[in-house]
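Listed here are the chains, written in short residue letters.
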Amino acid sequence: MLRLDRRATLDSLTWLMLALMALACCGFAAGKGFAIDGARALLPAAAVYGLFVVRATCLRKEQPRGVAAATAFAQMTLFTLFGVVLAYTIAAHAGPLWDDRLAAADRALGMRWPALLAALDRWPAVVSILGLAYHGLSAQMVVTILLLARAGQFQTLRMTVAAAVLAGFVTILISLAMPAAGNLFDPGQYRHLWPSIAWLERDLIAGLRDGTGRVLDLTHLMGIVSFPSYHATLAALFIWSAGDLPRQRVGLSAWAVLTIVATPVFGGHYLIEVLAGLALAPAAIALTRAAQARLDRGAAAARYRPALLARPHDAA
C-alpha cells in the first residue's frame with residue numbers, strides 16, 4: 001500500500017478547515033429556514049464520492065500523482081460547496097451594505113468607473129479575452145492541480161489548496177461584517193461589455209437578505225462575497241504555485257494576471273476589493289507555510305521520542 005510522505009499532514013489541516021466550514025454552515029443556517037433541494041444535490045454528492053473512489057483506487061495501485069490530484073480535487077470541490085452555502089447563510093445574518101464606503105475608497109484611489117467602462121466597451125476583442133479569463137478560473141484550478149500533480153510537486157499542491165481554503169474561509173467570514181452588493185453597472189448601456197456576476201446576483205443577494213431565498217440548489221451555486229475578491233486571491237495563489245512549474249510558468253501566470261485584471265469588471269468588484277484579495281494571498285501562503293513547519297516539527301518530535309525514552313540496555 002502506498003505510504004504518503006509526512007508532509008501529507010498538511011492535508012489533515014485542510015480537512016479540518018473543511019469540517020469547520022461545514023459546522024459553520026449548520027450554525028448560520030439554524031433558525032433561518034434554509035433547505036437543500038435533495039434531487040439537485042445528488043449530482044455534486046456523486047462527484048465528491050467519485051473523487052474519493054478515484055483517490056482510494058490510486059492509493060491501492062500506488063499512484064502518488066493520482067492520489068495527490070484526486071485529494072486536491074475533492075478538497076476544492078467540498079470547499080466550493082461548503083463555501084458558497086456558508087456565504088449564503090451568512091448573507092441572511094449580514095447587516096447594512098458597505099457599497100457606499102467601498103465606492104468612496106475607489107474614488108480616493110482615483111478610479112472613475114464610468115469612463116473606464118466606456119473606454120473598455122470600445123474594444124470588443126479585449127472584452128472577450130478578459131471575460132474568458134475571468135470565467136475560466138475553475139479551468140485554471142483544474143489545469144494547475146493536474147500540472148502540479150503530474151510534475152510531482154505534491155508539497156506545492158498541498159500548500160496551494162490549503163492556502164486557497166484558508167483564504168476562502170476568511171473571505172466568507174469577513175462578508176458577515178462587510179457585506180456588499182458589488183460594483184454594479186447596467187450592461188444594457190454598453191454594446192460589448194458582459195453582465196458582471198454582481199449584476200446577475202442582485203436578486204439572489206436580495207432574497208438571501210430579506211428571507212425569500214431559502215432553497216439551495218447545489219448544482220447552481222454562485223459566489224456572492226464581494227470584499228475581499230476571492231477571484232483575485234485564487235489567481236494570485238496560482239501565480240505563486242506556477243513558480244514550481246518552469247515550463248508552464250509564463251503561460252499560467254499570464255492567464256492568472258488576465259483574470260486579476262478582469263475581476264473588477266466581470267466580477268463586479270471595486271478596486272479596493274481586488275487589492276484586498278491580492279493582499280490576502282501572501283498572508284494565506286505564509287500562514288500555511290508556518291502551519292506546515294509546525295506539523296513537521298511535531299512529526300520529527302514524535303519520531304525521536306521513542307529513542308529518547310528507551311532504556312540504556314534497549315539502545316545497546
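All values reported here derive from a predicted model rather than from experimental measurement.

Undergrad: Would you take a moment to explain the overall build of the protein chain for this structure?
TA: Counting its secondary structure elements, the protein chain contains 14 helices and two strands. Over its C-alpha atoms the protein chain spans a radius of gyration of 22 Å, differing by no more than 12% from the 20 Å that the globule rule assigns to 316 residues. C-alpha atoms of the protein chain, sized along the principal axes, occupy 85 × 50 × 35 Å. Looking at the protein chain as a whole, 46% of its 316 residues qualify as buried. Sequence separation of at least 24 residues holds for 86% of the intrachain contacts in the protein chain that already meet a minimum separation of 6. Accessible area for the protein chain stands at about 15,700 Å²; split by element, carbon and sulfur atoms hold 65% of it.

Undergrad: Just to check I follow, could you spell out unusual backbone geometry for this structure?
TA: Leave glycine aside and you will find that most residues have negative phi; peptide bonds, for their part, are mostly trans. For the bond from Phe 227 to Pro 228, the omega torsion is -10 degrees, close enough to zero to count as cis. Of note in the backbone geometry, Glu 62 takes a positive phi value of approximately 55 degrees without being a glycine.

Undergrad: It is not clear to me how helix H6 (residues 124-135) should be interpreted in this structure. Could you clarify?
TA: Because an α-helix packs 3.6 residues into every turn, residues spaced three or four apart end up facing the same way. Along its 12 residues, H6 runs 16 Å from first to last C-alpha, staying within 8% of the 16 Å computed at 1.5 Å per residue. Among the residues of H6, Val 127, Leu 130, Gly 131, Ala 133 and Tyr 134 are the ones counted as buried. End-on, the buried residues of H6 take up no more than an arc of 160 degrees, which puts them together on one face. Turned more than 90 degrees off the buried face of H6, the exposed positions are Ala 125 and Leu 132. Against the buried residues of H6 lie helix H5 (113-120), helix H7 (137-150), helix H9 (197-200), helix H11 (230-241) and helix H12 (249-266).

Undergrad: I keep staring at the nonpolar core and nothing clicks. Help me out?
TA: Within soluble globular proteins, side chains that are nonpolar tend to cluster in buried spots. Met 76, Ile 145, Leu 157 and Val 165 are the most contacted members of the largest nonpolar core, which has 60 residues in total. At the level of secondary structure, the elements contributing two or more residues to this core comprise helix H1 (9-29), helix H2 (38-60), helix H3 (64-91), H7, helix H8 (154-177), helix H10 (202-210), H11 and helix H13 (271-309). Sort the elements by how many residues they give to this core and H3 lands first, with 16 residues.

Undergrad: What exactly am I supposed to notice about H11 here?
TA: An ideal rise of 1.5 Å per residue puts 16 Å on 12 residues; H11 measures up with 16 Å between its terminal C-alpha atoms. With 10 of its 12 residues buried, H11 lies for the most part within the structure. Among all positions in H11, only Tyr 230, His 231, Ala 232, Thr 233, Leu 234, Ala 235, Ala 236, Leu 237, Phe 238 and Ser 241 are buried.

Undergrad: For this particular structure, what's the right way to read the confidence of the model for the protein chain?
TA: Atomic detail in the predicted coordinates should be set aside for any region of low pLDDT. Residue-level pLDDT values for the protein chain average 91, and 92% of them are 70 or greater. Averaged pLDDT values for the elements of the protein chain fall to 48 in helix H14 (residues 312-315) and rise to 97 in H11.

Undergrad: Mind showing me how you'd approach the packing of H7 against H11 here?
TA: When two helices pack together, their arrangement is given by the angle between the helix axes and the distance between those axes. Where H7 contacts H11, the axes come no closer than 11 Å and their chain directions differ by 25 degrees. When the axis of H7 is compared with that of H11, the two are roughly parallel. By crossing handedness, the relation of H7 to H11 is classed as left-handed. Contacts between H7 and H11 involve Leu 137, Gln 140, Met 141, Thr 144 and Leu 148 from the former and His 231, Leu 234, Ala 235, Phe 238 and Ser 241 from the latter.

Undergrad: Explain the side chain of Gln 75 to me, please; I cannot follow it from the model alone.
TA: Note that Gln 75 resides in helix H3. Setting aside residues no more than four positions away along its own chain, Gln 75 makes contact with Asp 11, Thr 14, Trp 15, Leu 18 and Val 161.

Undergrad: I'm lost on the environment of Leu 81 in this one. Help?
TA: Considering the arrangement of structural elements, one finds Leu 81 in helix H3. For Leu 81, a relative accessible area of 15% translates into the label buried. Spatially, the C-alpha atom of Leu 81 lies 18 Å from that of Ile 174, the residues being 93 residues apart in sequence.

Undergrad: What exactly am I supposed to notice about a nonpolar patch on the surface here?
TA: A cluster of nonpolar residues, Leu 16, Leu 20 and Leu 23, forms a patch on the protein surface that exposes about 300 Å² of accessible area. On the secondary structure map, Leu 20 appears in helix H1.

Undergrad: Can you walk me through the environment of Phe 154 in this structure?
TA: On the secondary structure map, Phe 154 appears in helix H8. A sequence separation of 79 residues divides Phe 154 from Thr 233, and the C-alpha atoms of the two residues are 21 Å apart. Excluding anything up to four places from it in sequence, Phe 154 contacts Pro 64, Arg 65, Ala 68 and Ala 149.

Reading the values: rules and limits
- Residues numbered from 1 in each chain as written.
- Predicted model: local features only at pLDDT ≥ 70, side-chain atom pairs only at ≥ 80, totals over all residues.
- Heavy atoms only, no water.
- Helix = DSSP H or I, 4+ residues; strand = E, 2+ residues; numbered from the N terminus.
- Rg over C-alpha atoms; globule rule 2.2 N^0.38 Å.
- Buried < 20%, exposed > 50% of the residue type's maximum accessible area, 1.4 Å probe, protein only.
- Contact = heavy atoms within 4.5 Å.
- Areas by Shrake-Rupley, 256 points an atom, 1.4 Å probe, with all protein chains shown as cover.
- Expected span 1.5 Å × (residues − 1).
- Arc of directions from axis to C-beta.
- Core = buried A, V, L, I, M, F, W, Y, C linked by side-chain atoms within 4.5 Å.
- pLDDT = per-residue confidence, 0-100.
- Axes fitted to C-alpha atoms, helices over the stretch in contact; angles between N-to-C directions.
- Parallel < 35°, antiparallel > 145°, perpendicular 65-115°, else oblique.
- Left-handed = near helix turned anticlockwise from the far one by under 90°.
- Patch = residues over 30% accessible without salt bridge, like charges linked within 9 Å, V, L, I, M, F, W, Y side chains within 5 Å.
- Salt bridge = Lys/Arg side-chain N within 4 Å of Asp/Glu carboxyl O.

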